[in-house]
Every structure is written in C-alpha cells, then in structure tokens.
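# Inside the fold
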Amino acid sequence: MKVRLYAQREFGVEELGAIVLKGDQLVAEPETTALVNLLSEPLVVYQGAEHVEIDPKKEPQGFLRALPRAVRGSYFLAGQLEE
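Below, the structure is looked at part by part. (Residues numbered from 1 in each chain as written. Predicted model: local features only at pLDDT ≥ 70, side-chain atom pairs only at ≥ 80, totals over all residues. Heavy atoms only, no water.)

### Brief notes about the environment of Leu64
Take Leu64: it is sitting in helix 2 (residues 60-70). Take Leu64: its relative accessible area is 0%, and that puts it in the buried class. Along the chain, Leu64 and Val20 lie 44 residues apart, while their C-alpha atoms are 8.2 Å from each other. (Helix = DSSP H or I, 4+ residues; strand = E, 2+ residues; numbered from the N terminus. Buried < 20%, exposed > 50% of the residue type's maximum accessible area, 1.4 Å probe, protein only.)

Structural data, given as structure tokens:
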C-alpha cells in the first residue's frame, strides 16, 4: 500500500513523495523532511465524537488508511494507491 503526498501550489500541485508500507514498516520515499516528520508522530483522527491517535509504528496499515483523510487542506493533499 502507498499514499502519495502533494503540496498545493498557486498553479497546481507538486508531488512531495510517498509513504509506503514495506513489510510491516512505513517508509518515506524519498526521505524528505516533510515525509519523515509525518512518520514521527501519531495521526489524530475523529472516530465519531472521539479523537483517536494512530501510531505509524504500531499500526502502519491503519496509519496509511487514515492519512488521506487526515492530510488535506489548503497546503497538502494525500491520495491512497493500491499496489
């Protein structure tokens, strides 16, 4: 499984790279500061009315599934790809 990340620019988007599941570990491709920082802490997502933390080391598949919903807004986008 792979999630690509993009930065929104004035005239379109720029691909920053991807977070890839290799075995049971998440890897940043390429190892840029932005991607490595994403992997350095849990995502905080809503499940109903509750906030839930998804740790990339403990729950790599859950982290990847949640990433496209968690990383969106005026600066960044994420899209999940099946491989």
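### What about the nonpolar core?
Ile19, Leu26, Phe63, Leu64 and Leu67 are the most contacted members of the largest nonpolar core, which totals 16 residues. Broken down by secondary-structure element, the contributors of at least two residues to this core are strand 1 (2-9), strand 2 (12-22), strand 3 (25-29), strand 4 (43-47) and helix 2. Setting aside residues no more than four positions away along its own chain, Phe63 makes contact with Leu26, Leu38, Leu39, Glu41, Leu43, Ile54, Asp55 and Pro56. (Core = buried A, V, L, I, M, F, W, Y, C linked by side-chain atoms within 4.5 Å. Contact = heavy atoms within 4.5 Å.)

### Concerning the pattern of salt bridges
This model, assessed by the stated rule, comprises two salt bridges. Ionic pairing is found between Arg4 and Glu15, a salt bridge with its closest N-O pair at 2.8 Å. Of this pair, Arg4 sits in strand 1 while Glu15 is found in strand 2, placing the two residues eleven residues apart along the sequence. Judged by relative accessible area, Arg4 falls into the partly exposed class, the value being 23%. Take Glu15: its relative accessible area is 43%, and that puts it in the partly exposed class. For Lys22, the salt bridge goes to Glu29, with nearest N and O atoms at 2.7 Å. With relative accessibility at 46%, the residue Lys22 sits in the partly exposed group. (Salt bridge = Lys/Arg side-chain N within 4 Å of Asp/Glu carboxyl O.)

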